[in-house]
Amino acid sequence: MNEQFSLILTDPRLAALLRHWLTVRRDKAMPGRADIDPAAIVNVLPYVYVYDFRPDSGRFFNRLAGEHIYNTSGVRGGNRFLDELFAFPVAQTIRGWFMHVVGIPSLAHMGVAVRYAGGEEIPGERLILPLSSDGKVADGLIGASVYRREFGVTAGAWIDVSKVDADYRSLPPPGWMP
């Protein structure tokens with residue numbers, strides 16, 4: 001058992017998502033999308049996004065994104081592919097993060113700053129967790145991003161998400177809880 005596993009999350013909403021993910025996966029390496037209970041993470045939902053991974057095309061399909069995600073990205077993303085949501089350099093950066101999470105699979109914790117076309121730069125924290133229909137092979141992800149920004153300020157489209165302090169971790173063993 002990996003007793004060295006730890007992850008320091010500064011935002012309590014991200015910690016709540018991780019606890020829920022760990023709880024619903026039970027004895028599997030990772031839970032499936034159907035295992036996630038929105039009622040159990042109601043305070044996290046505005047910050048959540050869910051993507052399916054399509055291995056045949058290598059693309060990520062956005063199932064949903066919370067209101068906080070819409071407000072900070074300026075993009076309404078439900079039922080669209082990642083590369084349809086963002087400009088090429090932004091989509092490619094995000095795709096790289098997502099591929100690491102589903103390809104290994106692993107957990108990703110990030111300190112991030114996004115830069116908008118209007119010049120504004122917003123700091124935030126992000127957690128990305130793999131999902132699996134069979135509990136073994138990652139075929140999707142759930143994540144949450146919390147940005148520290150005053151709403152009501154229109155900043156325009158994301159033009160850069162390269163300022164990232166990414167920490168990828170192997171999955172904790174089944175049954176592990178903080």
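This next bit is on the packing of aromatic side chains. This structure, assessed with the given rule, holds six aromatic pairs. With centroids separated by 4.8 Å and ring planes inclined at 40°, the aromatic side chains of F53 and F60 adopt a geometry described as tilted. Taking relative accessible area as the criterion, F53 reaches 14% and is therefore assigned buried. Taking the relative accessible area as the measure of exposure, F60 reaches 2% and is therefore buried. Centroid distance F60 to F98: 5.3 Å. Interplanar angle 70°. Geometry classified as edge-to-face. Of the two residues, F60 sits in strand β2 (residues 59–65) while F98 sits in helix α4 (residues 88–103), which places them 38 residues apart along the sequence. Note on F98: relative accessible area 2%, which makes it buried. An aromatic cluster of three or more residues is present, and its members are Y49, Y51, F53, F60 and F98.

Another point: the side chain of S132. Considering the arrangement of structural elements, one finds S132 in the loop between β5 (121–131) and β6 (140–147). Within the local environment of S132, its side chain forms a polar contact with the backbone oxygen of V137, the two atoms lying 2.7 Å apart. Residue contacts for S132: discarding those within four places in its chain leaves M30, P31, G32, V137, A138 and D139.

Right, let's get into helix α1 (residues 12–25). Taking 1.5 Å per residue as the helical rise, α1 with its 14 residues ought to reach 20 Å, and the 20 Å between its terminal C-alpha atoms agrees with that figure. Where α1 terminates, the next one or two residues include R26, which has phi positive at roughly 50°.

This part covers the side chain of D11. Summarising the element assignment, D11 is placed in the segment before α1. Here D11 falls in the buried class, since its relative accessible area comes to 6%. If sequence neighbours within four positions are ignored, D11 has contacts with E125 and V146.

Moving on to unusual backbone geometry. Cis rather than trans, the peptide bond between I104 and P105 has omega equal to -15°. Looking at the secondary structure, you find P105 in the loop between α4 and β4 (106–116). Positive phi is not limited to glycine here, since R26 has a value of about 50°. Within the fold, R26 resides in the loop between α1 and β1 (48–54).

Okay, α4 next. A rise of 1.5 Å per residue sets the reference length of α4, with its 16 residues, at 22 Å; its end C-alpha atoms lie 21 Å apart and thus fit the reference within 8%. Residues of α4 that are buried include every one of V90, A91, I94, W97, F98, V101 and V102, and no others. The buried residues of α4 occupy an angular sector of 130° when projected down its axis, which confines them to one face. Opposite the buried face of α4, at more than 90 degrees from it, the exposed residues are F88, P89 and G103.

Conventions used here
Residues numbered from 1 in each chain as written. Predicted model: local features only at pLDDT ≥ 70, side-chain atom pairs only at ≥ 80, totals over all residues. Heavy atoms only, no water. Phe/Tyr/Trp six-rings, centres within 6.5 Å; stacked < 30°, edge-to-face > 60°. Buried < 20%, exposed > 50% of the residue type's maximum accessible area, 1.4 Å probe, protein only. Helix = DSSP H or I, 4+ residues; strand = E, 2+ residues; numbered from the N terminus. Polar contact = N/O pair within 3.5 Å; in protein donor to acceptor, adjacent residues only side chain to side chain. Contact = heavy atoms within 4.5 Å. Expected span 1.5 Å × (residues − 1). Arc of directions from axis to C-beta.

Nothing here speaks to function; it is geometry throughout.
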